[in-house]
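Next come the chains, spelled out residue by residue.
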Amino acid sequence: QVQLAESGGGLVQAGGSLRLSCAASGRTFSSYTMGWFRQAPGKEREFVARISWNGGSTTYVDSVKGRFTISRDNAKNTVYLQMNSLKPEDTAVYYCAADTKWRAVPSRAYEYAYWGQGTQVTVSS
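Residues numbered from 1 in each chain as written. Predicted model: local features only at pLDDT ≥ 70, side-chain atom pairs only at ≥ 80, totals over all residues. Heavy atoms only, no water.

Trainee: Could you give an account of the packing of aromatic side chains, naming the residues involved and the relevant values?
Mentor: Within the structure shown, the criterion is met by six aromatic pairs. Considering the side-chain rings of phenylalanine 37 and tyrosine 112, the 5.0 Å spacing of their centres and the 80° angle between planes classify their relative orientation as edge-to-face. Placement of phenylalanine 37 in strand 4 (residues 33-39) and of tyrosine 112 in the loop between strand 9 (92-99) and strand 10 (114-115) is noted, with a sequence separation of 75 residues between them. Comparing phenylalanine 37 with tyrosine 112, the two get one shared label, buried. Through successive ring pairs, a cluster of aromatic residues spans Phe37, Phe47, Tyr95, Tyr112 and Trp115. Seen from the ring of tyrosine 95, arginine 45 lies directly overhead, with NZ or CZ sitting 3.8 Å from the centre. Lying across the ring of tryptophan 102, arginine 50 places its NZ or CZ 3.5 Å from the centre. (Phe/Tyr/Trp six-rings, centres within 6.5 Å; stacked < 30°, edge-to-face > 60°. Helix = DSSP H or I, 4+ residues; strand = E, 2+ residues; numbered from the N terminus. Buried < 20%, exposed > 50% of the residue type's maximum accessible area, 1.4 Å probe, protein only. Lys NZ or Arg CZ within 6 Å of the ring centre and 35° of its normal.)

Below is the structure:
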């Protein structure tokens, strides 16, 4: 089992940057595909990015390509989401999640077995 805890959210002006972290407990962190999702008020949870167990493969939703970067440090049991050029539409609660597989379709939230509690990101215009 894996327990996840996000940090690094906050209030930032449009065009600014934030780096989210997700610290994981458990000795098998390095075997999981790690993902970031977000949920804005009144909207469904949306896939943002994922990274394979060794960091060799990544996937992004089109709306964040070129602005967000996902990375991981297996020695620290941590996954990161560097968010640059933030826009008001990026405002949401951001969640990290762990999946036991690297799937053909990355965006199905129900396939991720473990979730953190979320961290709020607010981008002002």
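Trainee: Residue-level account of the sheet that holds strand 8 (residues 78-83), with values.
Mentor: Pairing in this open sheet of four strands is antiparallel, and the strands run 1-3-8-7 from one edge to the other. Strand pairing shows two members of the sheet lacking a second neighbour, strand 1 (3-7) and strand 7 (68-73), which therefore form its edges. Across the sheet, the axes of successive neighbouring strands diverge by a mean angle of 15°, strand direction being ignored. In this sheet, strand 3 (residues 18-25) lies alongside strand 1 in antiparallel orientation, the contact comprising five bridges. Residue pairing across strands places serine 7 opposite serine 21, the latter belonging to strand 3. (Pairing = 2+ DSSP bridges. Axes fitted to C-alpha atoms, helices over the stretch in contact; angles between N-to-C directions.)

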